[in-house]
Amino acid sequence: MSKIGRSGANFKIHVKDFYIGGAGWIDGARAAPHPARMSDAPFASRIRRHPVPFDPGAGRVAREVMAGAGAEVLALVEGVAGCSPYLARSIEAEAEWLRAVLGRAPEAAMEDTLLALGEVSPDGLATALRVAKTRTALLVALADCGGVWPLATVTGVLTRLADRAVDVGLAALLAAEIRRGKLPGAAPEDAGMVVLAMGKMGAGELNYSSDIDLICLFDETRYPGAVAEARAAFVRVTRKLCALLSDRTAEGYVFRTDLRLRPDASVTPVCLSMAAAEAYYESVGRTWERAAFIKARPCAGDIAAGTRFLTTLTPFVWRRHLDFAAIEDAHDMRLRIRDHRQLHGTVRAEGHDMKLGIGGIREIEFFTQTRQLIAGGRDPDLRARGTVEGLAALAAKGWVPGTVAEELTQLYRDHREVEHRLQMVGDAQTHEMPATDEGIARIAAFCGSADAGGWRAALEARLRRTDALTEGFFAPGGVEPGPDLPDAAKAIVTNWKTYPALRSDRAVAIFRRLRPAILTGLLAADHPVDALLAFDGFLKGLPAGVQLFAMFDANPQLIALIVDISATAPALAAYLSRNSSVLDAVIGGQFFAPWPGEEALTRELATRLERADGYETALDAARRWQKEWHFRIGVHHLRGLIGAIEAGTHYADLAAATLRAVWPVVCAEFAVRHGAAPGRGAVLIAMGSLGAGRLNAASDLDLIVIYDAAGEETSAGPRPLAARIWFARLTQAMITALQAPMAEGRLYEVDMRLRPSGRQGPVATAVTAFAEYQRTEAWTWEHLALTRARPLAGNATLVSEVEALRCQILSEKSDGGTVRADVAAMRTRLADAKPGTGGWEAKAGAGRLMEVELCAQMAALLSGSAARGTMEQVGAGKEAGILSQSDAQAMEDAASLCWRVTTALRLLGQTSGDPDGPGPGGRAFVLREAGAENAEALTAMLDGVAERSAAAIARVLEAGNE
């Protein structure tokens, strides 16, 4: 961590806590992700292997230079020098230093080398950096070839040297500009300039002779009115930094630097403002640039400013929805690289490019980064910089099979080892295998094999295996011939080319590959034309197609799902065309996992809302989240994974979790403007079906709000409100949050008519007024509604009191003499207002769902029971002797069948009981759910249970007149 005095004459860099308690090298926020592990064991005792000397003469010279070292050391230096002329020269030049180093732990030697750079004056920095590079390269080569360090430590040490070189160089150059008065009022560590490490340096994966990819930026807000002057100073610093690191002198060079990853590199300055960079990425940033920023890391300069900049790029790099279009972009990029470098053809070791060739390192990196881009926007755990770490994260989250991740990890390590040996031969930035048998034999020997032929065969097998594991992911399959279409289908399909989703060439190209499978599936449905029409509605409603079609292309199971939905539930297909992002959840790894329950759902959504940046962003996040889970329930129900009873519970769990998580967000936002809630605040109470814990796909939510101002007359905030108005407006804010039609849709329709006095009453009621109203003014139907009330969110103490008040009122009203008569009158009014239509009418009508629920609520009220669910209330009535065993059974049978039919019809978008309404596929679903053989049988079943239930209800009501 740099500390630079303002006096240039005494300029020094001091490193604090550079080596921490065995965890590895730590350099503040600049730390690369691969620390070298602490070990006290000396280098010589940790040697596990050594190369076979390809040039025995050079190897013998190295042994003589290192005479007196142990046998393991001599074997290692002989093998290394016998394979690498460059390392042979380095061993001879640094023999004295090397002899001392090999008797120590290599980590300690590296610590000394890097720490020493902090004590160097600016005039001596160029030489000191080059000496440090030569010694580090030598030590790393020996540790790598001797098996002393694993790949992660080798690449991590190389990266840390690069970090240190850039850091001390930048600090020295910035200090010089400050001394000259070109950056007034700044210190190097907070001058607003940052260097981003990109590529392998950013990931901590530098190869042995790598260049370093850097992006240099400055925070223009630090220099109001003087941006041009600051830019000129930072451009000078950047050019001098590149020269300091890249120029070859008598001592060699430090790192070749590459600044071409910056925005629009051909026309932009080598150091540009963060505002300009951000504007570029927001407007024209491409997929390859998004992939590059997976590895981006501030490594020198103003780390805080660099971190803020990367945070602003998060929406650019990590898309909100699953981004399968990135696959095709990556595939196109791979093909362009191969075309440019003429890397197509069969795999042969001679001349093969280990980085860019078929089955090479870049294939594994692209495979990993593309998968990260697809899902990293939704799951921050996938945003690992390193390739190995990225593969592990993808496997842990189910995006890559564990066996594939393990195999690719080993292949990656094997490929990187060969890459290092190629570069160690002459300190050349090369990835190409030699073109001759002799050259191949040298690399085989460098890797420890005397059998060049066997080594070559194993290498080629690894390359082919890498290609086999990655190519299927990238390369789209060929277009198969589609099925023969009947005339009716041809007329439908002909119109597809005019739809918005197919207006781009790219969308057409992807859809051409999908079309045969889609048509084959649709034509295999029981009623193919109906299924095709439903899919046509889905396709016609899509505003765009590239992203969704790319998702289908990469996940064929989604094609089967959309075909299934089109053949069964056209209304759900139409919903999908408006909300296609919910398909993200299908491939997110947990779509078919067991139902988590209300509490887990609440925690999950609350966590998402805490991460949201602002109120509207939080509500949009809630809408997306709710739609995904709502769709999941519907698909599980449609496919028979759950039945109607479970679906009803799941829909209710989802609604309750949504309300529990959103309520505090709305309250907090409201309090910002009007101050904290007076008194103990308010309780949000679920009524109706939600209170009973059972909803269907189309249910609205019955809610009321009860508050306790506890004597406080107004709120204390920027715009204080009287308590009654405060809670009324809070309630309106909650209603708006739930049902406002925004870009992400709406959460739920809300009905507040069950509050005291219905539409005429205030939307929020004081707890004392509520208690008084229920005891003195409420009608029987309001007491019946109270049997299903369930407090969901709010002050915990007030929640408990409201629930206790509910139970107390129900107990007090349980002996009401007019309850049965009132219910009988209500039953008559229901029959007149909602007689029910259609042979499959299951909700309205004598003995059907609404009547059973009404009678169940009556049974709960008369028995003073706290039960909320219909079946539980029937059970309470039976236990209290209000319902006979046979009457209770008749009502339960009717409730069960009517619920199954109603829930199935609502999922299909049907609001009536017309058997012809759902279409053939939908009818089959309803029949399956009801357990009926055909439409007529289901009608008879409904009529039968309704008749028995109606008779039972009549007997219960008449019992009050006896």
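The model shown is predicted, which means the values in this text are computed figures rather than measured ones.

1. Considerations on the overall build of the protein chain
For the protein chain, the helix and strand inventory stands at 39 helices and 12 strands. In the protein chain, which comprises 962 residues, the share counted as buried stands at 56%. Considering only residue pairs separated by 6 or more positions, the protein chain has 75% of its internal contacts joining residues 24 or more positions apart. Taken as a whole, the protein chain presents about 37800 Å² of accessible surface, with 52% of it coming from carbon and sulfur.

2. Remarks on the side chain of Asp-213
Tracing the sequence through the fold places Asp-213 in strand 4 (residues 212–218). Look at Asp-213: it is buried, it has no salt bridge, and the nearest opposite charge is Arg-260 at 6.2 Å. Apart from the residues lying within four places of it in its own chain, the contact partners of Asp-213 are Leu-196, Ala-197, Met-198, Asp-258 and Leu-261.

3. Digging into the packing of helix 28 (residues 644–674) against helix 30 (residues 723–739)
One can describe the packing of helix 28 onto helix 30 by two numbers: an axis separation of 10 Å at closest approach and a directional angle of 130 degrees. Regarding the angle of helix 28 to helix 30, the classification is oblique. Viewed along their axes, helix 28 and helix 30 form a crossing whose handedness is right-handed. On helix 30, the residues that touch Leu-659, Val-662, Trp-663, Val-666, Cys-667, Phe-670 and His-674 of helix 28 are Trp-726, Arg-729, Leu-730, Ala-733, Met-734, Ala-737 and Leu-738. Taken together, the residues that form the contact of helix 28 with helix 30 break down as 12 nonpolar, one polar and one charged.

4. Here's the deal with the packing of aromatic side chains
Taken as a whole and judged by the stated rule, the model has 13 aromatic pairs. Ring geometry for Phe-670 and Trp-726: centres 4.9 Å apart, planes at 85 degrees, overall edge-to-face. Taken together, the residues Phe-670 in helix 28 and Trp-726 in helix 30 connect sequence positions 56 residues apart. What makes Phe-670 buried here is its relative accessible area of 4%. We classify Trp-726 as buried; its relative accessible area is 1%. Here Lys-133 stacks its cationic end above the ring of Phe-255, 4.5 Å away from the centre of that ring. Directly above the ring of Trp-899 sits Arg-694, whose terminal nitrogen or CZ lies 4.2 Å from the centroid.

5. Some details on unusual backbone geometry
For residues other than glycine, phi is negative in most cases, and the peptide bonds are mostly trans. Even without being a glycine, Asp-264 presents a positive backbone phi close to 45 degrees. Looking at the element boundaries, Asp-264 is found in the loop between strand 5 (257–258) and strand 6 (271–273). Unusually for a residue other than glycine, Asp-427 sits at a positive phi of about 50 degrees. By the secondary structure assignment, Asp-427 is in the loop between helix 17 (402–426) and helix 18 (437–446).

6. Side note on the pattern of salt bridges
Under the counting rule described, the total for this entry stands at 40 salt bridges. The closest approach of N and O atoms between Asp-379 and Lys-397, which form a salt bridge, is 2.6 Å. With Asp-379 in the loop between helix 15 (361–375) and helix 16 (387–396) and Lys-397 in the loop between helix 16 and helix 17, this residue pair connects regions lying 18 residues apart in the sequence. The class of Asp-379 is buried, set by a relative accessible area of 16%. Lys-397 gets classed as partly exposed once you look at its relative accessible area, which sits at 29%. Taking the shortest distance from any N to any O, the salt bridge between Glu-853 and Arg-694 comes out at 3.9 Å.

7. Let's talk about the nonpolar core
If you look at the biggest cluster of nonpolar residues, it comprises 161 residues, and the most contacted ones within it are Trp-496, Phe-549, Phe-631, Leu-690 and Leu-938. The element that contributes the greatest number of residues to this core is helix 28, accounting for 15 residues. Among all residues touching Leu-938, those that are not within four sequence positions of it are Trp-840, Leu-897, Val-901, Val-926, Leu-927, Ala-930 and Ala-932. The next biggest cluster of nonpolar side chains, apart from the first, holds 96 residues, and it includes Val-77, Leu-183, Ile-443 and Phe-446.

8. Here we look at helix 34 (residues 819–833)
Between its terminal C-alpha atoms helix 34 stretches 21 Å, which fits the 21 Å expected from 15 residues at 1.5 Å a residue. If you check which residues of helix 34 are buried, you get Val-819, Arg-820, Val-823, Met-826 and Arg-827. The buried side chains of helix 34 occupy one side of the element, clustering within an arc of 120 degrees when seen end-on. In helix 34, the exposed residues that point more than 90 degrees away from the buried face are Arg-829 and Asp-832.

9. Considerations on the packing of helix 7 (residues 151–179) against helix 9 (residues 227–246)
When two helices pack together, their arrangement is given by the angle between the helix axes and by the axis-to-axis distance. Contact geometry of helix 7 with helix 9 gives a least axis separation of 9 Å together with a crossing angle of 140 degrees. Considering the angle they form, helix 7 stands oblique to helix 9. Judged by the twist between their axes, the crossing of helix 7 over helix 9 is right-handed. Of the residues in helix 9, those touching helix 7 at Ala-165, Val-166, Gly-169, Leu-170, Leu-173, Leu-174 and Glu-177 are Ala-233, Phe-234, Arg-236, Val-237, Lys-240, Leu-241, Leu-244 and Leu-245. Per-class residue counts for the contact of helix 7 with helix 9 are 11 nonpolar, one polar and three charged.

10. Comments concerning helix 31 (residues 767–776)
All of the buried residues along helix 31 are Val-767, Phe-770, Ala-771, Tyr-773 and Gln-774. Buried residues of helix 31 fall within an arc of 165 degrees about the axis and therefore sit on the same side. With respect to the buried face of helix 31, the exposed residues turned more than 90 degrees away are Thr-768 and Thr-776. The inward-facing, buried residues of helix 31 abut strand 9 (701–708), strand 11 (764–766), helix 32 (780–786) and helix 33 (796–812).

11. What to know about the environment of Thr-837
Turning to its location among the elements, Thr-837 is positioned in the loop between helix 34 and helix 35 (849–863). In this structure the C-alpha to C-alpha distance between Thr-837 and Ser-912, which are 75 residues apart in sequence, comes to 6.7 Å. Setting aside its immediate chain neighbours within four residues, Thr-837 contacts Ser-912 and Gly-913.

12. Observations concerning the pairing of strand 9
With eight of eight residues buried, strand 9 is to be regarded as a mostly interior element. Covered by surrounding structure in strand 9 are Leu-701, Leu-703, Val-705 and Tyr-707 together with Asp-702, Ile-704, Ile-706 and Asp-708, the residues of both alternating faces. Note that strand 9 and strand 10 (residues 750–751) share two bridges and pair parallel. Bridge pairing in strand 10 links Leu-701 to Val-750. For the segment spanning strand 9, helix 30 and strand 10, crossover handedness is right-handed. When strand 9 meets strand 11, the two strands line up parallel, connected through three bridges. Bridged to Val-705 within strand 11 is Ala-764.

13. Quick notes on the environment of Ala-108
As for its position among the elements, Ala-108 is in helix 5 (residues 106–116). Judged by relative accessible area, which is 23%, Ala-108 ranks as partly exposed. Spatially, the C-alpha atoms of Ala-108 and Pro-42 are 9.4 Å apart, while their sequence positions differ by 66 residues.

Conventions adopted
Residues numbered from 1 in each chain as written. Predicted model: local features only at pLDDT ≥ 70, side-chain atom pairs only at ≥ 80, totals over all residues. Heavy atoms only, no water. Helix = DSSP H or I, 4+ residues; strand = E, 2+ residues; numbered from the N terminus. Buried < 20%, exposed > 50% of the residue type's maximum accessible area, 1.4 Å probe, protein only. Contact = heavy atoms within 4.5 Å. Areas by Shrake-Rupley, 256 points an atom, 1.4 Å probe, with all protein chains shown as cover. Lys, Arg positive; Asp, Glu negative; His and termini not counted. Salt bridge = Lys/Arg side-chain N within 4 Å of Asp/Glu carboxyl O. Axes fitted to C-alpha atoms, helices over the stretch in contact; angles between N-to-C directions. Parallel < 35°, antiparallel > 145°, perpendicular 65-115°, else oblique. Left-handed = near helix turned anticlockwise from the far one by under 90°. Nonpolar A, V, L, I, M, F, W, Y, C, P; charged D, E, K, R; others polar. Phe/Tyr/Trp six-rings, centres within 6.5 Å; stacked < 30°, edge-to-face > 60°. Lys NZ or Arg CZ within 6 Å of the ring centre and 35° of its normal. Core = buried A, V, L, I, M, F, W, Y, C linked by side-chain atoms within 4.5 Å. Expected span 1.5 Å × (residues − 1). Arc of directions from axis to C-beta. Pairing = 2+ DSSP bridges. Right-handed = clockwise from strand over helix to strand, strands pointing away.

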